[in-house]
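# A look at the structure
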Amino acid sequence: MSITSEKQLPEAVASWRDPEMDSVKGTETPKDPNKGYIALLGWSVNAIKAAQKFDRRYIVVAPEWAADFCTANNIPFLPWDFIRLNDRSMEIAEKLKEEGVDIAIPLFEETVEWSGAINSVLLDSPRMFGQSILFRDKALMKRRAQLGGIRVGIFEEAHEKEDIVRFMKRVNQTLLKLDGDPDDPIHVKAFDKAGCLGHRMIRKIEEIDNIPDEEYPLLMESHLDGWEFAVEAWIHDGKIQFLNISEYVTLGYSVFVPATAELESWRTAITKQIELLIKTFDIQFGLIHPEYFVTADGEMYFGEVAYRPPGFKAFELIEKAYGFNAYQASMLVFDPKSTKEEVAAFFPREVVDAKGYAGCFGVYPRRRVVSKLEMPKETIEHPYFESHELVAPAEETVPDRSAFGTHWGLLFFFGDDPIKMRDLLKAQEDLDFYV
């Protein structure tokens with residue numbers, strides 16, 4: 001690709017120029033025309049930087065607002081509005097096919113269906129679109145899992161408040177609760193949102209009134225007591241190439257990789273579950289991010305599975321711990337032109353090749369009114385502390401936290417002891433970062 005000089009750019013566009021990007025410096029890795037041409041669906045600067053250091057041709061498919069940044073930094077770009085569905089929706093697949101693109105990779109939850117639709121055209125495989133719907137609709141996902149013999153909790157769909165009331169009463173009746181016993185909680189989740197977005201734990205019938213009408217329909221699930229964890233598995237030719245176990249310290253707050261020896265002791269059983277998941281959902285390639293529970297009696301329950309990079313900068317944590325770029329790993333296993341030998345040579349050995357333990361913590365203000373960001377000494381003076389993404393508060397009043405809420409920024413840690421890492425991440429919950 002030719003490099004545009006800053007003098008040739010309009011001032012408004014030039015302001016977006018990043019002099020450290022390989023595409024600006026002229027240090028981008030040469031692209032191999034015999035390897036796949038990849039479309040990145042959605043916006044991720046880290047994914048773009050990874051693509052520039054990889055030997056595959058790439059193009060970014062993102063909303064129009066990304067155009068100036070891409071122009072300023074010599075990034076191949078195709079504008080597309082993923083929100084709007086209309087009779088022109090197939091146009092993006094046709095454009096990419098004409099461009100010579102081999103595969104589309106979803107970077108966010110909202111682009112998973114689009115990748116399925118586009119890849120069904122690029123690979124001439126109509127079933128791929130239906131598969132992508134399973135990854136997006138949590139109710140369909142759970143039913144497919146059940147059909148494959150995967151253990152799940154009790155679940156139903158809710159279209160209105162009364163559905164949740166009935167479900168909660170029925171679950172507790174099934175658990176043989178007596179009058180006066182505290183109710184077992186249930187969970188409600190958005191059908192098609194990522195991670196903790198729209199996820200609420202309901203402990204009392206009265207709490208159901210707090211759910212806004214616009215959040216319906218919802219998926220309802222029984223509560224599972226156990227150890228929740230996540231997996232990132234890269235799949236090529238229907239087989240696991242690398243399986244990372246991410247250990248949650250507190251759901252919605254903190255995670256680290258690799259996991260403690262205690263959780264890693266379940267690796268063989270976890271691997272069997274992922275192989276069953278691959279078979280049940282007929283996954284031939286890509287990156288999956290499922291969540292599971294291990295109960296006290298050793299049973300493993302499926303939570304959900306995503307077909308895109310996880311949140312909480314999990315890819316960046318994996319790179320910090322293992323040294324390989326997880327975005328490049330995804331490009332490799334998605335690419336239909338990748339060879340088995342190339343894939344096998346890319347990945348390190350799980351756990352034993354890790355250089356240390358990488359963790360992150362999502363900060364939520366603990367006060368209703370804040371005036372400034374103030375990093376606690378306990379955090380910044382700890383030898384494991386590396387960096388943070390927190391910024392000064394834009395307003396003093398902290399908005400009410402809806403469901404699990406959205407964190408205000410992440411803290412990053414790295415060290416050589418998983419128990420110290422786990423305890424350190426847990427300790428952050430009791431600290432004030434906004435005062």
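Residues numbered from 1 in each chain as written. Predicted model: local features only at pLDDT ≥ 70, side-chain atom pairs only at ≥ 80, totals over all residues. Heavy atoms only, no water.

Here we come to the pattern of salt bridges. In total, this model carries 32 salt bridges according to the counting rule given. The partner of Asp55 in a salt bridge is Lys35, with the nearest N and O atoms 2.6 Å apart. Residue Asp55 is located in the loop between helix 3 (45-52) and strand 2 (57-62), and its partner Lys35 is located in the loop between helix 2 (22-25) and strand 1 (37-41); the two are separated by 20 residues in the primary sequence. An identical accessibility class is assigned to Asp55 and Lys35; each is buried. A salt bridge links Arg267 to Glu350; the shortest N-O distance between them is 4.0 Å. In this pair, Arg267 sits in helix 11 (residues 267-280) while Glu350 sits in the loop between helix 14 (340-346) and strand 14 (357-362), placing the two residues 83 residues apart along the sequence. Using a relative accessible area of 17% as the deciding quantity, one classes Arg267 as buried. Accessibility expressed as a relative area gives 27% for Glu350, which makes it partly exposed. (Salt bridge = Lys/Arg side-chain N within 4 Å of Asp/Glu carboxyl O. Helix = DSSP H or I, 4+ residues; strand = E, 2+ residues; numbered from the N terminus. Buried < 20%, exposed > 50% of the residue type's maximum accessible area, 1.4 Å probe, protein only.)

Here we take up a negative patch on the surface. A cluster of acidic side chains, namely Asp179, Asp181, Asp183 and Glu206, defines a negative patch on the protein surface. Under the relative-accessibility criterion, Glu206 is labelled exposed at 57%. (Patch = residues over 30% accessible without salt bridge, like charges linked within 9 Å, V, L, I, M, F, W, Y side chains within 5 Å. Areas by Shrake-Rupley, 256 points an atom, 1.4 Å probe, with all protein chains shown as cover. Lys, Arg positive; Asp, Glu negative; His and termini not counted. Charge placed at Lys NZ, Arg CZ, Asp CG, Glu CD.)

Turning next to the environment of Gly180. In this structure, Gly180 sits in the loop between helix 9 (161-174) and strand 6 (186-190). Gly180 sits in the exposed class, given a relative accessible area of 77%. Along the chain, Gly180 and Thr268 lie 88 residues apart, while their C-alpha atoms are 42 Å from each other.

Glancing now at the packing of helix 3 against helix 13 (residues 326-334). Interhelical geometry of helix 3 versus helix 13 gives an angle of 65 degrees and a closest axis separation of 8 Å. Relative to helix 13, helix 3 is oriented roughly perpendicular. Helix-helix and strand crossings are classified by hand; for helix 3 and helix 13 the assignment is right-handed. Seen from helix 3, the contacting residues are Asn46, Ala47, Ala50 and Ala51; seen from helix 13, they are Tyr327, Gln328 and Met331. (Axes fitted to C-alpha atoms, helices over the stretch in contact; angles between N-to-C directions. Parallel < 35°, antiparallel > 145°, perpendicular 65-115°, else oblique. Left-handed = near helix turned anticlockwise from the far one by under 90°. Contact = heavy atoms within 4.5 Å.)

As a further point, take the nonpolar core. For soluble globular proteins, nonpolar side chains are generally found buried alongside one another. By size, the foremost hydrophobic cluster in this structure holds 80 residues, and its most contacted members are Trp234 and Ile288. In terms of residue count, helix 13 provides more of this core than any other element does, seven residues in total. Apart from residues lying up to four places away in sequence, Ile288 is in contact with Val231, Glu232, Ala233, Ile235, Ile274, Leu277, Ile278, Ile283, Val305, Ala306 and Tyr307. Counting 18 residues, the second largest nonpolar core, distinct from the first, contains Phe256, Phe385, Phe413 and Leu424. (Core = buried A, V, L, I, M, F, W, Y, C linked by side-chain atoms within 4.5 Å.)

Okay, the sheet that holds strand 7 (residues 200-202) next. Overall, antiparallel pairing links the four strands, which are arranged 5-8-6-7 in an open sheet. Each having just a single partner strand, strand 5 (155-158) and strand 7 make up the two edges of the open sheet. Strand-to-strand, the axes of this sheet are offset by a mean angle of 30 degrees, without reference to chain direction. Bridging between strand 6 and strand 8 (residues 218-222) involves five bridges; their strand directions are antiparallel. Residue pairing for strand 8: His187 is matched across the bridge by Glu221. The sheet contacts of helix 8 (residues 138-147) involve strand 5, strand 6 and strand 8, and relative to strand 5 the element is tilted by about 155 degrees. Running over the sheet, helix 9 touches strand 5, strand 6, strand 7 and strand 8 and is turned about 10 degrees from strand 8. (Pairing = 2+ DSSP bridges.)

Below, the discussion takes up the sheet that holds strand 9 (residues 227-236). The eight strands lie next to each other as 13-12-9-10-11-14-16-15, forming an open sheet whose pairing is antiparallel. Edge positions in the open sheet fall to strand 13 (300-306) and strand 15 (385-388), since each of these has one partner strand only. Put simply, the sheet's adjacent strands are angled 25 degrees from each other on average, direction ignored. The pairing of strand 9 with strand 12 (residues 285-294) spans eight bridges and is classified as antiparallel. Bridge pairing in strand 12 places Glu228 opposite Phe293.

To continue, consider the side chain of Glu304. With respect to the helices and strands, Glu304 occurs in strand 13. Judged by relative accessible area, Glu304 falls into the buried class, the value being 11%. Polar contacts involving the side chain of Glu304 include one to the side chain of Lys189, which spans 3.1 Å. Excluding anything up to four places from it in sequence, Glu304 contacts Lys138, Met141, Lys189, His289, Pro290 and Glu291. (Polar contact = N/O pair within 3.5 Å; in protein donor to acceptor, adjacent residues only side chain to side chain.)

A few words now on helix 11. An α-helical turn contains 3.6 residues, so a residue and the one three or four places further along point in the same direction. Under the 1.5 Å per step criterion, the end-to-end length of helix 11 is 20 Å for 14 residues, consistent within 8% with the ideal 20 Å. When we look at burial in helix 11, the residues that qualify are Arg267, Ile270, Gln273, Ile274, Leu277, Ile278 and Thr280. Taken around the axis of helix 11, the buried residues stretch over an arc of 165 degrees, which confines them to a single face. Facing away from the buried surface of helix 11 by more than 90 degrees, the exposed residues are Thr268, Lys272 and Lys279. (Expected span 1.5 Å × (residues − 1). Arc of directions from axis to C-beta.)

With that settled, consider the packing of helix 5 (residues 91-99) against helix 6 (residues 112-122). Packed helices, taken two at a time, are described by the angle their axes make and the gap between the axes. Packing of helix 5 against helix 6 brings their axes to within 9 Å, and their N-to-C directions diverge by 50 degrees. The angle between the axes of helix 5 and helix 6 places the two elements in the oblique class. Considering how the two elements wind past one another, helix 5 and helix 6 form a crossing that is right-handed. Residues Ile92, Ala93, Leu96 and Lys97 of helix 5 pack against Trp114, Ile118, Val121 and Leu122 of helix 6. Looking at side-chain class alone, the contact of helix 5 with helix 6 contains seven nonpolar, no polar and one charged residues. (Nonpolar A, V, L, I, M, F, W, Y, C, P; charged D, E, K, R; others polar.)

With that out of the way, let us pick up the domain arrangement of the protein chain. Domain annotation of the protein chain identifies domain 1 (11-132), domain 2 (155-222) and domain 3 (227-429). Placing the centre of domain 2 and that of domain 3 at their C-alpha centroids yields a distance of 27 Å. (Domains from an automatic or database assignment.)

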